[in-house]
Amino acid sequence: MMSFMWNIEVLVIALVVVRISHWLYQWSNPNVRCSGKLPPGSMGFPLIGETVDFFKPCGFLEIPSFFQNRMQRYGSLFRTNIMGSKTVICTDSDVIFEIFRQENQSFEHSYPDVFVKVLGKDNLFFKTGDIHKHLKKTTMHLIGSEGLKINMIRSMNQATRQHLNWKASEGTFDLRDAVSSLISSYMTTKLISNLKTESRAKLIDHFKAFNLDWIRSPFAPSTWKIIYDVLKARKGAMQVIKEALKKRKESREQHGDFLDTLLEEMEKEGSIYDEASVINLLLTIGVISKDTTSVATALMVNLLFKNPKVLTELKREHEAILQKREDKEAGVSWEDYKYNMTFTNMVINESLRLSNLGSILFRKALKDVEIKGYIIPAGWIVAVAPSVVHYNSQIYEKPLDFNPWRWEGKDLRSVTKTLMVFGGGTRQCVGADFAKLQMTVFLHHLVTTYDFSVVQACEMTRTPFPCITKDLLINISPKSPK
């Protein structure tokens, strides 16, 4: 009897071991129902995959070791499992550009679940195809070229001039926070112009509390506290917007703001907009417009301070523009921005290339796609890494140097095969022109009106998403009249 029971126990243990071994084999070697072979790579540990290694921090001007190690072993296309998703990662500029080109044909916009949770499942930015095209067209009324030229640039000038004037009397201040505040001050009014003073202040506070600092390692102890605070701010902002939407619908008053535009869209037959999506769109624009642009501006000023030769040339360009201007208080005109700021554009391009704020972007394969002799199965996530392209020594000479002159005589558009700071294809960031214009306006007022000194330089890590660990603290003082 004892022998029989022992044999049964051995058999059960053997079956469990076989089953676990089979499961581990399937995890490491995903069963793909298609002809062709998967890209090389590793799926990591069961359940967590290679997520821990993916989020390992590195320096500001470094390619994360997660990418470096796998590129050396597998090449520019490799498979992995991160954040619970079977993923193929691409670091080749031509292939990345082709993936962008095949948007809505072979690939679609996709995000890990944590992004959807924080930004809201009703958020139209997660939509694809015709819905996204319509969304982009609507949003361009606000932050597209015509909207910026007609409605936005004057407000940018006024808010920037006013906020810098306040900061000049305060002593040391956080530049990222200052830019975030000045953007929120005018963007909130552009979104909903008839808010009462108390409601407007409350919405701005919620926008500021709803930041993107949560995009970091899920294993950092502070991350989940930040996500909780962000979700709380999101709830508060949505409540303010919901009340404003309700009052506007009831009053039928026209205020010439973006809420008017969205209400008109809501009333059209077959509209993609409902109350929830309108609220989420207003929230997302309010948050993203100030968050990414303020970080980019802080990093740019940090780089300028460390490179006096670049700063001198930048000042020379802006002083020349100022001398030709009849009204010295007029601020940046659209004509100045488009035709007279070549070096400024070079500085912004180079700053954005080094900053790499869009370090990794996510897509999903809609069907089995063959790339470089490998198959990316339908349903798999495709993570493209423009940041690796931007630091590629075969594309950029001395890629870690801040050298705006590398852009002299070259294409200064936002997107090329070797510069993809705003993504690419039909999903190129709709706020690209807004961000570059606001950075230009801020630089103009800073270098023509003030002298500045850095009290604390900006420090940043990548996880692989950018994360500021020390904010840029500066002092500014009015220039002495010449």
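Residues numbered from 1 in each chain as written. Predicted model: local features only at pLDDT ≥ 70, side-chain atom pairs only at ≥ 80, totals over all residues. Heavy atoms only, no water.

In the annotation of an unreviewed UniProt entry, the protein is listed under the name Cytochrome P450 and assigned to Brassica campestris. We quote the UniProt Subcellular location (unreviewed entry) comment for the protein here in full: "Membrane". Regarding the protein, the UniProt comment filed under Cofactor (unreviewed entry) reads as follows: "heme". (UniProt positions renumbered as here; feature names shortened; annotations may be inferred.)

(A) Just the overall build of the protein, in detail. Counting its secondary structure elements, the protein contains 17 helices and 13 strands. Looking at the protein residue by residue over its 482 residues, the buried ones come to 51%. Restricting to contacts in the protein with at least 6 residues of sequence separation, those with at least 24 account for 71%. If you sum the accessible surface of the protein, you get close to 23300 Å²; carbon and sulfur atoms cover 53% of it. (Helix = DSSP H or I, 4+ residues; strand = E, 2+ residues; numbered from the N terminus. Buried < 20%, exposed > 50% of the residue type's maximum accessible area, 1.4 Å probe, protein only. Contact = heavy atoms within 4.5 Å. Areas by Shrake-Rupley, 256 points an atom, 1.4 Å probe, with all protein chains shown as cover.)

(B) View of the packing of helix α10 (residues 221-251) against helix α11 (residues 258-266). At a minimum axis separation of 11 Å, α10 and α11 run at an interaxial angle of 65 degrees. Relative to α11, the element α10 is oriented roughly perpendicular. In this structure, the crossing between α10 and α11 has a hand that is right-handed. Only Leu259, Asp260, Leu263 and Met266 of α11 make contact with α10, whose side of the interface consists of Ala244, Leu245, Arg248 and Lys249. When grouped by side-chain class, the residues that make up the contact of α10 with α11 number 5 nonpolar, no polar and 3 charged. (Axes fitted to C-alpha atoms, helices over the stretch in contact; angles between N-to-C directions. Parallel < 35°, antiparallel > 145°, perpendicular 65-115°, else oblique. Left-handed = near helix turned anticlockwise from the far one by under 90°. Nonpolar A, V, L, I, M, F, W, Y, C, P; charged D, E, K, R; others polar.)

(C) Spatial organisation of the sheet that holds strand β5 (residues 173-174). Pairing is antiparallel in the open sheet, where 3 strands are placed in the order β5-β13-β10. The open sheet terminates on both sides in strands that have one partner only, identified here as β5 and β10 (450-456). Relative to strand β13 (residues 473-478), β5 runs antiparallel, the two sharing 2 bridges. Bridging across to β13, Phe173 finds its partner in Ile474. (Pairing = 2+ DSSP bridges.)

(D) Local environment of the environment of Met140. Along the chain, the position of Met140 falls in helix α6 (residues 129-143). Taking the C-alpha atoms as reference points, Met140 and Gly431, 291 residues apart in sequence, are found 8.5 Å from one another. Met140 has contacts with Gly147 and Val430, leaving out every residue within four places of it along the chain.

(E) Layout of the side chain of Thr297. Its place among the elements puts Thr297 in helix α12 (residues 275-306). Looking at Thr297, the relative accessible area reads 0%, which means it is buried. Sequence-distant contacts of Thr297, defined by excluding residues within four places in its chain, comprise Leu175, Val179, Met439 and Phe442.

(F) Molecular detail of the UniProt feature "binding site: heme" (unreviewed entry) in the protein. UniProt tags Cys429 as "binding site: heme" (unreviewed entry). Checked against the element boundaries, Cys429 lands in the loop between α16 (386-390) and α17 (432-449). Since its relative accessible area comes to 37%, Cys429 is described here as partly exposed.

(G) Layout of the sheet that holds strand β9 (residues 381-384). Sheet architecture is open: 5 strands sit in the order β2-β3-β9-β6-β4, paired in mixed fashion. With partners counted over all chains shown, the strands left at the sheet margins are β2 (77-82) and β4 (107-109), one partner each. On average, each strand axis in the sheet is tilted by 35 degrees relative to the strand beside it, whichever way the strands run. The pairing of β2 with strand β3 (residues 85-90) spans 6 bridges and is antiparallel.

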